[in-house]
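Chain residues, written in single-letter form:
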Amino acid sequence: MKFLVFGRSGQLASALKDMEKETGDSRVIALGREKIDIRKLDSVKQGLAEHKPDLLINAAAYTNVDQAENESREAFELNAKAIENILEAADPFKLPIIHISTDYVFDGTSREPYNVEDEARPLGIYGASKLSGERILQENYERHIIIRTAWIYSPYGKNFVKTMLRMMERNDSINVIDDQYGCPTSAHELAFSLLKIGRNLCRKDFADFGTYHLVSGGRMSWFAFAKEIQLQFNRLHQGTWKGSACEIKPISSQDYPAKAQRPVYSVLSSVKFEKTFDIYLPYWKKSLIRCLQQLKEDKDSG
């Protein structure tokens, strides 16, 4: 199976390249904007004609949540308008499309894990642009899977885990928000699941297209996640890691003002995905330790 991934340097695209060998029969071609610019229809058409994929994964997105408040046109162009180009280019081949979306389509007022059917009410431009992209898919292209996920981390790119490790090593104390809750999710586990469902999506009799949530099990605050990152990384270093001495202090969202409002509760339920595909992401701690092990190995060898 040949997967063409829009987005080359992001966490998910990097993880998909890592995981292709573990699925046994998958080839992942991840291309950045310099190869395929999804904002341009001709570029997408040329890319599909050249690579002849069996399935598309759209992991390209405008993801700077705060900056999106000042760059709404750019956010909607990449997160919504570009979806129209993908659909038009894919339609002649009837290619299945997996589109990655976000927990930020919800407003965070729930106190129970969000199901797919719950009303989406984004708080900011980023969430609104991602929701607009979802609706373009839902209304115009049958053979699609929307995957809403959350709090992605990996050994690649910019993410909370890497930021925390760096800050703990450089500071005597740091402040971390303790009143926003979500589901830390490994990009590697997410990637492996997407590759596993690919063959199902390409079957002519597959009838379960639609929207799904996919996150690791367990919920926590950013503060609790930071504490666990510190604990597990120090264990991997057998108590010698200098970041273990950093004091992590809990603060409220009001103490850390940001341009864009975040949902205070964005826990997602993966039940629909699990029942449909019989795939379950590992509990978050196991995945976190695997990520930290790779980061330690990379650092030791670097």
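Everything numeric in this text was worked out from a predicted model, so none of it was measured.

### Some details on the overall build of the protein
Now for step 1: Looking only at helices and strands, the protein features nine helices and 12 strands.
Now for step 2: Taking 19 Å as the expected radius of gyration for a compact globule of 302 residues, we find that the protein reaches 19 Å, a close match to that expectation.
Now for step 3: Judged by the C-alpha coordinates and their principal axes, the protein covers about 60 × 40 × 40 Å.
Now for step 4: Relative to all contacts within the protein whose residues are 6 or more apart in sequence, the contacts with residues 24 or more apart total 83%.
Now for step 5: Summing over all exposed atoms, the protein offers an accessible surface of approximately 14,400 Å²; the carbon and sulfur share of this is 44%.
Now for step 6: Of the side chains in the protein, 42 bear a positive and 41 a negative charge, and the two mean positions are spaced by 4 Å.

### Side note on helix H1 (residues 11-23)
Now for step 1: Over its 13 residues, H1 runs 18 Å from end to end, which matches the ideal 18 Å to within 8%, given 1.5 Å per residue.
Now for step 2: Along its length, H1 shows its largest kink, about 35 degrees, at Lys17.
Now for step 3: Every buried residue belonging to H1 is among Gln11, Leu12, Ala13, Ser14, Ala15, Leu16, Met19 and Glu20, and all of these are buried.
Now for step 4: A positive backbone phi angle near 90 degrees is found at Gly24, which sits one or two residues after H1.

### A word on the nonpolar core
Now for step 1: In this structure, Val161, Val176, Phe225 and Ile229 are the most contacted members of the largest nonpolar core, which totals 37 residues.
Now for step 2: Elements represented by at least two residues in this core include exactly helix H5 (160-170), strand S7 (173-177), helix H7 (222-236), strand S12 (247-251) and helix H9 (284-301).
Now for step 3: Counting residues per element, this core draws most heavily on H7, which supplies six residues.
Now for step 4: Apart from residues lying up to four places away in sequence, Phe225 is in contact with Tyr153, Phe160, Val161, Pro184, Met220 and Leu288.
Now for step 5: Counting 32 residues, the second largest nonpolar core, distinct from the first, contains Phe6, Leu56, Leu87 and Tyr104.

### Digging into the sheet that holds strand S3 (residues 55-58)
Now for step 1: Reading across the sheet, the six strands line up as S2-S1-S3-S4-S5-S10 and stay open at both edges, with parallel pairing between neighbours. Among the strands making up the open sheet, the edge pair consists of strand S2 (27-31) and strand S10 (210-213). With direction set aside, neighbouring strand axes in the sheet form an average angle of 20 degrees.
Now for step 2: Here strand S5 (residues 144-149) runs beside S10; their pairing, made up of four bridges, is parallel. From the neighbouring strand, Ile145 faces S10, where its bridge partner is Gly210.
Now for step 3: Against the sheet, helix H2 (residues 41-51) engages strand S1 (2-6), S2 and S3, with an angle of about 160 degrees to S1.

### Concerning the pattern of salt bridges
Now for step 1: The tally for this structure, following the rule as stated, stands at 15 salt bridges.
Now for step 2: Across the pair Glu119 and Arg121 runs a salt bridge whose closest N-O atoms are separated by 3.7 Å.
Now for step 3: For Glu119, a relative accessible area of 54% translates into the label exposed.
Now for step 4: The exposure class assigned to Arg121 is partly exposed, which follows from its relative accessible area of 40%.
Now for step 5: Close ionic contact of Glu189 with Arg290 constitutes a salt bridge, the shortest N to O distance being 3.8 Å.

### A short note on the side chain of Ser221
Now for step 1: Positionally, Ser221 belongs in strand S11 (residues 220-221).
Now for step 2: A distance of 3.1 Å separates the side chain of Ser221 from the backbone nitrogen of Ala224, its partner in a polar contact.
Now for step 3: Here Ser221 is in contact with Trp151, Ile177, Asp178, Gln180 and Tyr181, once residues within four sequence places are set aside.

Calculation notes
- Residues numbered from 1 in each chain as written.
- Predicted model: local features only at pLDDT ≥ 70, side-chain atom pairs only at ≥ 80, totals over all residues.
- Heavy atoms only, no water.
- Helix = DSSP H or I, 4+ residues; strand = E, 2+ residues; numbered from the N terminus.
- Rg over C-alpha atoms; globule rule 2.2 N^0.38 Å.
- Contact = heavy atoms within 4.5 Å.
- Areas by Shrake-Rupley, 256 points an atom, 1.4 Å probe, with all protein chains shown as cover.
- Lys, Arg positive; Asp, Glu negative; His and termini not counted.
- Charge placed at Lys NZ, Arg CZ, Asp CG, Glu CD.
- Expected span 1.5 Å × (residues − 1).
- Bend = angle between axes of the 7 residues up to and from the residue.
- Buried < 20%, exposed > 50% of the residue type's maximum accessible area, 1.4 Å probe, protein only.
- Core = buried A, V, L, I, M, F, W, Y, C linked by side-chain atoms within 4.5 Å.
- Pairing = 2+ DSSP bridges.
- Axes fitted to C-alpha atoms, helices over the stretch in contact; angles between N-to-C directions.
- Salt bridge = Lys/Arg side-chain N within 4 Å of Asp/Glu carboxyl O.
- Polar contact = N/O pair within 3.5 Å; in protein donor to acceptor, adjacent residues only side chain to side chain.

This is a description of form; function is not addressed.
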